[in-house]
Amino acid sequence: MDNNAAPLSFRLDGQVGIVTGGANGIGRALCEGLAQAGASVIVADLAAQSDRAQEVARAIRSQSGQAESAEMDVTSLSDIQRIVASVATRYGRLDFLVNNAGINIRKPVLDYSEDDWDRIEAVNLKGVFFCCQVAGRQMARQGGGRIVNIASQLAVVAMPERSIYAITKAGVSQLTRAFALELGPQCVAVNAVGPTFVATPLTTSMFSDPAFVDENLPKIPAGRFGTPSDVLGAVQFLLSPAADLVNGHTLLVDGGYTTH
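So, a few notes on the structure that sits alongside this text. Values in this document were obtained by computation on a predicted structure and should not be read as measured data.

Within the open sheet, the seven strands sit side by side as E3-E2-E1-E4-E5-E6-E7. Their pairing is parallel. In this open sheet, the two edge strands, each paired with only one partner strand, are strand E3 (66–71) and strand E7 (250–253). The average undirected angle you get between the axes of adjacent strands in this sheet is 20°. Those strands touched by helix H2 (residues 50–62) are strand E2 (40–45) and E3, and its axis lies near 170° from that of E3. Contacting strand E5 (145–150), strand E6 (188–195) and E7, helix H5 (residues 163–183) crosses the sheet at an angle of about 160° to E6.

Printed below as a string of structure tokens:
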């Protein structure tokens, strides 16, 4: 043991970062939790979610945190470039990015349309790739940074009526490795978090379905579904100094679901 080593820190004091899809559910919990850890957070979401994003930022500031909202469509490269440039200009840097925005359309695999594919892929995979690219360029120029992509346990296992979603999340896990490999020498760490089913206001209907609960809860050795706080813990760790040597990893927060 190195007695001269600094104590581990999970704090994010002085850091500034963007959370996409930050207005609701897991995204809101990430914004609030990262702000509590000392970060200045940009709550980024679609224009249609602007009121909610502003409310999240106000709630953080009311608790003495630092936050602002920003309208951002992750399927628009110009939007991504605009927000990253704005943050870098205002704060002088971009310390972290959390790619949380995502969508799902549930259908049997034989019933998906081309439009379904295009909509899911544009947000879940294309959006994540170009957010990583644009933020990665800024981080490389400034000498370092952290990116955390929200993947899913379905990056490594299949489930009925979620095929395109699972395919895109597997892609997120692989692009995480690709960016980690190429950006690591510039001191930019890129990791992913793969949650199990997480209870949020947006997933109420799923968790209120007895058939869903009866089918899936027994598959989780930990004996419970996930919460936004579970995802926050993993994301905060990966953004913190405690994870300085973690790069290219997908951290499954699944209670053991994928051990089957």
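Past the structure itself, the notes keep going.
Moving on to the pattern of salt bridges. Enumeration according to the criterion identifies 10 salt bridges in this entry. Of the charged contacts in the structure, one is a salt bridge between arginine 11 and aspartate 13, with a shortest N-O distance of 2.7 Å. Taking the shortest distance from any N to any O, the salt bridge between lysine 107 and aspartate 116 comes out at 2.6 Å. Residue classification places lysine 107 among the partly exposed positions, given a relative accessible area of 27%. Residue aspartate 116 is classed as buried on the basis of its relative accessible area, which comes to 5%. In the salt-bridge network here, residues are joined through shared partners; they are Arg28, Glu32 and Glu55.

Our focus in this paragraph is the packing of helix H1 (residues 25–36) against H2. Two elements in contact, H1 and H2, have axes whose closest approach is 10 Å; the angle formed by their N-to-C orientations is 25°. The angle between the axes of H1 and H2 places the two elements in the roughly parallel class. In this structure, H1 crosses over H2, and the sense of that crossing is right-handed. Along the contact surface, H1 presents Arg28, Cys31, Glu32 and Ala35, while H2 presents Glu55, Val56, Ala59 and Ile60. Tallied by class, residues from the contact of H1 with H2 come to five nonpolar, no polar and three charged.

Each value, and the rule that gives it
Residues numbered from 1 in each chain as written. Predicted model: local features only at pLDDT ≥ 70, side-chain atom pairs only at ≥ 80, totals over all residues. Heavy atoms only, no water. Pairing = 2+ DSSP bridges. Helix = DSSP H or I, 4+ residues; strand = E, 2+ residues; numbered from the N terminus. Axes fitted to C-alpha atoms, helices over the stretch in contact; angles between N-to-C directions. Contact = heavy atoms within 4.5 Å. Salt bridge = Lys/Arg side-chain N within 4 Å of Asp/Glu carboxyl O. Buried < 20%, exposed > 50% of the residue type's maximum accessible area, 1.4 Å probe, protein only. Parallel < 35°, antiparallel > 145°, perpendicular 65-115°, else oblique. Left-handed = near helix turned anticlockwise from the far one by under 90°. Nonpolar A, V, L, I, M, F, W, Y, C, P; charged D, E, K, R; others polar.

That's the geometry; what it means functionally is another story.
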